[in-house]
Amino acid sequence: MTPVQEVVLAQPRGFCAGVDRAIEIVERALARFGAPIYVRHEIVHNTYVVNDLRAKGAIFIEDLSEVPPGATLVFSAHGVSQAVRREAAERGFQLFDATCPLVTKVHVEVAKLAREGFEFIMIGHKGHPEVEGTMGQLDGGIHLVEDVEDVGRVEVRDPSRLAVVTQTTLSVDDAAEIHAAVRARFPQVREPKKQDICYATQNRQDAVKLLAPTVDVLIVVGSPTSSNSNRLRELAQRLGTPAYMVDAAADLQPQWFKDGGRVGLTAGASAPDILVQQVIQRLRELGALSVRRMAGVEEHIRFPLPKGLGDRSMAEAGEG
């Protein structure tokens with residue numbers, strides 16, 4: 001077996017501003033109000049993060065009936081439906097909303113255009129909590145499409161009052177292909193002023209497009225439930241580079257590196273850097289002689305916290 005010669009780190013990789021904010025909301029709520037803090041759904045889709053917060057006193061639930069009266073509740077970064085918001089308000093929880101602001105932007109757009117009489121096509125994955133949250137902004141009138149074939153099955157009342165929105169963590173290329181099919185079938189469709197796929201998803205996919213052709217194998221650090229992590233692995237494979245996703249360093253299989261050479265390493269937007277460092281250490285044990293970071297986009301975006309959790313000001317939280 002040829003040892004791994006070099007590890008090349010994608011730039012950017014790992015946590016995005018929305019994930020940073022969501023985790024900080026739970027940690028600050030625990031510090032301020034004490035355990036337990038209830039969180040609807042996994043705060044972000046990463047096993048390590050969820051287990052770490054659980055150890056600190058967070059309780060992850062799916063149904064609000066599991067939350068006792070008067071408790072503190074946090075909505076996950078993926079967002080929730082209006083029905084969940086109404087139930088939380090009726091039950092009087094102390095509530096902090098960790099919905100990523102870029103997901104909230106989509107929710108606001110849906111509500112605004114619905115008031116103007118629009119129906120929607122949503123490009124996304126059925127069952128993903130972000131999709132359920134966005135579709136749940138309305139009682140109806142949102143048609144989910146997962147691929148080009150689905151577009152051909154959509155029936156709308158008025159093609160001139162139709163808008164399209166997108167799950168924020170999709171493959172940029174796949175979403176563009178489906179968008180094109182929507183435009184072809186519904187030429188009057190209204191599209192977002194700025195694309196819904198978030199900057200972090202776009203940046204991480206762009207980095208993999210540059211990195212994958214230069215390495216012999218690509219490793220993505222991310223959990224199986226993480227949409228954006230799965231898209232990174234799929235993208236590398238589409239570009240012809242063998243790619244594997246690992247939840248932790250222990251998941252690495254020596255046979256993946258039997259041809260040695262150069263290993264690319266990236267991480268989904270919900271994967272913490274500690275896991276990346278552990279993977280690097282394991283690759284060193286497998287023979288990696290050097291680690292270098294590719295050139296790439298530096299991200300400086302930060303999002304403000306909800307009121308009542310501390311003093312990070314709006315000014316500090318600008319795009320800096």
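Read on for a plain summary of the structure.

Quick look at the packing of aromatic side chains now. Applying the stated criterion across every chain, the model contains three aromatic pairs. Arranged with centres 5.7 Å apart and planes meeting at 25 degrees, the rings of Phe33 and Phe96 form a pair that is stacked. Residue Phe33 is located in helix H1 (residues 17–33), and its partner Phe96 is located in strand E5 (residues 94–97); the two are separated by 63 residues in the primary sequence. Look at Tyr244 and Trp256: their rings are 4.0 Å apart centre to centre, the planes differ by 5 degrees, and that puts the pair in the stacked class. With Tyr244 in strand E10 (residues 243–246) and Trp256 in the loop between E10 and strand E11 (261–267), this residue pair connects regions lying twelve residues apart in the sequence.

This next bit is on a negative patch on the surface. Judged by side-chain charge, Glu146, Asp147, Glu149 and Glu177 come together as a negatively charged surface patch. Relative to the helices and strands, Glu149 is located in helix H6 (residues 148–151).

Turning our eyes to something else, we now look at the pairing of strand E6 (residues 119–123). Within E6, five of the five residues are buried, which leaves it mostly tucked inside the rest of the structure. Judged by which residues are buried, E6 turns out to be covered on both faces: Glu119, Ile121 and Ile123 on one side and Phe120 and Met122 on the other are all buried. For E6 and strand E8 (residues 162–166), the ladder comprises five bridges, and the chain directions are parallel. Bridge pairing in E8 links Met122 to Val165. In the sheet, E6 pairs with strand E7 (residues 142–145) via four bridges, with the strands oriented parallel. The residue of E7 that forms the bridge with Phe120 is Ile142. Crossover E6 to E7 through helix H5 (residues 129–135) is right-handed.

Cis geometry is found at the peptide bond from Gln11 to Pro12, where omega equals 0 degrees. Looking at the secondary structure, you find Pro12 in the loop between strand E1 (4–9) and H1. Residue Pro36 follows Ala35 across a cis peptide bond; omega there is -5 degrees. Assignment of secondary structure puts Pro36 in the loop between H1 and strand E2 (37–40). We note that His41 has phi near 70 degrees; this positive angle belongs to a residue other than glycine.

Here the focus is the nonpolar core. The biggest cluster of nonpolar side chains holds 32 residues, and the ones touching the most others in it are Val26, Ile43, Val44 and Val74. Put simply, the parts of the chain that give this core at least two residues each are H1, E2, helix H2 (47–56), strand E3 (58–61), helix H4 (101–115) and helix H8 (199–211). The dominant element in this core, judged by the number of residues it contributes, is H1, at eight residues. In this view, Val26 contacts Val39, Ile43, Leu53, Ala58 and Val74; residues no more than four positions away in its chain are not counted.

Thresholds, definitions, all that
Residues numbered from 1 in each chain as written. Predicted model: local features only at pLDDT ≥ 70, side-chain atom pairs only at ≥ 80, totals over all residues. Heavy atoms only, no water. Phe/Tyr/Trp six-rings, centres within 6.5 Å; stacked < 30°, edge-to-face > 60°. Helix = DSSP H or I, 4+ residues; strand = E, 2+ residues; numbered from the N terminus. Patch = residues over 30% accessible without salt bridge, like charges linked within 9 Å, V, L, I, M, F, W, Y side chains within 5 Å. Areas by Shrake-Rupley, 256 points an atom, 1.4 Å probe, with all protein chains shown as cover. Salt bridge = Lys/Arg side-chain N within 4 Å of Asp/Glu carboxyl O. Lys, Arg positive; Asp, Glu negative; His and termini not counted. Charge placed at Lys NZ, Arg CZ, Asp CG, Glu CD. Buried < 20%, exposed > 50% of the residue type's maximum accessible area, 1.4 Å probe, protein only. Pairing = 2+ DSSP bridges. Right-handed = clockwise from strand over helix to strand, strands pointing away. Core = buried A, V, L, I, M, F, W, Y, C linked by side-chain atoms within 4.5 Å. Contact = heavy atoms within 4.5 Å.

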